[in-house]
Amino acid sequence: MKFLHATAQDARYVAELREAGLPVPKADEVLVRVAASGVNRADLSQIAGRYPPPPGESEILGLEVSGTVEETGERVCALLAGGGHAEYAAVPAGLLFPTPPRPDLIAAAGIPEAFLTAFVNLVVEGEATGGETVLVHAGASGVGLAAIQVAKLRGARVAATTRTAEKLPALERAGADLAVDTSQCDFADVIEERWGRNAINVVLDPVGAATLARDLRVLAVGGRIVVIATLGGAKVEADLALLMQKRAPSRLRVRGAEGARRLGVPSRAGRRGVSAHAREPEHREDSHRLVVSLAPFQLFSPSVGSLRHLTVGARRPVCH
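Residues numbered from 1 in each chain as written. Predicted model: local features only at pLDDT ≥ 70, side-chain atom pairs only at ≥ 80, totals over all residues. Heavy atoms only, no water.

Let's shift gears to the layout of surface pockets. Empty space within the second largest pocket amounts to approximately 260 Å³. As for the second largest pocket, its lining consists of 21 residues, and the residues nearest its centre are Pro23, Ser58, Gly82, Gly83 and Ala90. Sort the elements by how many residues they give to the lining of the second largest pocket and strand E6 (residues 88-92) lands first, with four residues. Split by residue class, the lining of the second largest pocket holds 13 nonpolar, five polar and three charged. (1 Å grid on protein atoms, 1.4 Å probe; cavity = no way out; pocket = protein on both sides within 12 Å on 5 of 7 lines; lining within 4 Å. Points joined across faces, edges and corners; volume = space filled by probe spheres on them. Helix = DSSP H or I, 4+ residues; strand = E, 2+ residues; numbered from the N terminus. Nonpolar A, V, L, I, M, F, W, Y, C, P; charged D, E, K, R; others polar.)

Looking now at the packing of aromatic side chains. Here the structure, examined in full by the defined rule, presents zero aromatic pairs. In this structure, Arg157 is placed above the aromatic ring of Trp195, and the distance from its NZ or CZ to the ring centre is 4.0 Å. (Phe/Tyr/Trp six-rings, centres within 6.5 Å; stacked < 30°, edge-to-face > 60°. Lys NZ or Arg CZ within 6 Å of the ring centre and 35° of its normal.)

Another point: the nonpolar core. Within the largest apolar cluster, 34 residues are counted, with the highest numbers of intra-cluster contacts made by Leu122, Val134, Val136, Ile148, Val150, Leu171 and Leu204. For this core, the elements supplying multiple residues, two or more each, are strand E5 (75-79), helix H2 (112-125), strand E8 (133-136), helix H3 (142-153), strand E9 (157-162), helix H4 (168-174) and strand E11 (200-205). Formed jointly, this core draws a minimum of three residues from each of two domains, domain 1 (2-109) and domain 2 (115-255). The contact partners of Val136, leaving out residues within four places of it in the chain, are Gly144, Ala147, Ile148, Val158, Ala159, Ala160, Thr161 and Leu204. Within the second largest apolar cluster, 19 residues are counted, among which are Val180, Val203, Leu212 and Ile225. (Core = buried A, V, L, I, M, F, W, Y, C linked by side-chain atoms within 4.5 Å. Buried < 20%, exposed > 50% of the residue type's maximum accessible area, 1.4 Å probe, protein only. Domains from an automatic or database assignment. Contact = heavy atoms within 4.5 Å.)

This is the structure:
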């Protein structure tokens, strides 16, 4: 089979097609004929040597795919610890889920990482339900856009933040009821002005230190904050009195989203939830929003290089 090999040379990415034998599935794995694979920022980290695959896993790039099970022909999406940017991949059976009727099989490669991360952290960890209000930081990222859609499908009201005005329309198209440009105003001030004090039931926060104090400020009593990354810093000074007032100490959850994806351990509830919601008409229409562009298998090098410049939803399925 053919697979993609990429290196970073002189501040650019160089990719080539190489040949390898078909992967041999282990006892708990199935062989998937790959239709498309999603290019993610984690690929850049692996190319740079900062994000190696776990011991015993494929050294080939690629953490999410869509395709067909070789033995049955079933259309599937999958997360995997490596090996996605190839014509075939051996995938643990527990990490497969059926593709929705829409989008098409190629675009479906952009679903697994973003939507599973959003669903597991919002619904399983954050316990977001209908009638609640959700705050999504970094709303124009792949996970952010997925989280907005998942929250709306659950029947929640959604506020989402971004740091640039150009991304506000993307948040609104994804379903955000309130889109905030944090380069121009304080998101906590805007939320309190629009919806009142203590309005937020669940926060999905990949920023961390830079936003946590204001997350607590707008959080409802008994609200939940799920921190999935620390893009804005890892160390924070917290107001313990406010934490106790909001009953938040047991509701502040820190989850390493990137590590969980690399380990390939999305919950069974997460996989079932994404599969079920993908069949809802609203989701079938909207799920393509994470796919900003497609690139042929042979054009991986410019495709992955452009991730540095993508501003809305860094999802780039590569056609095989």
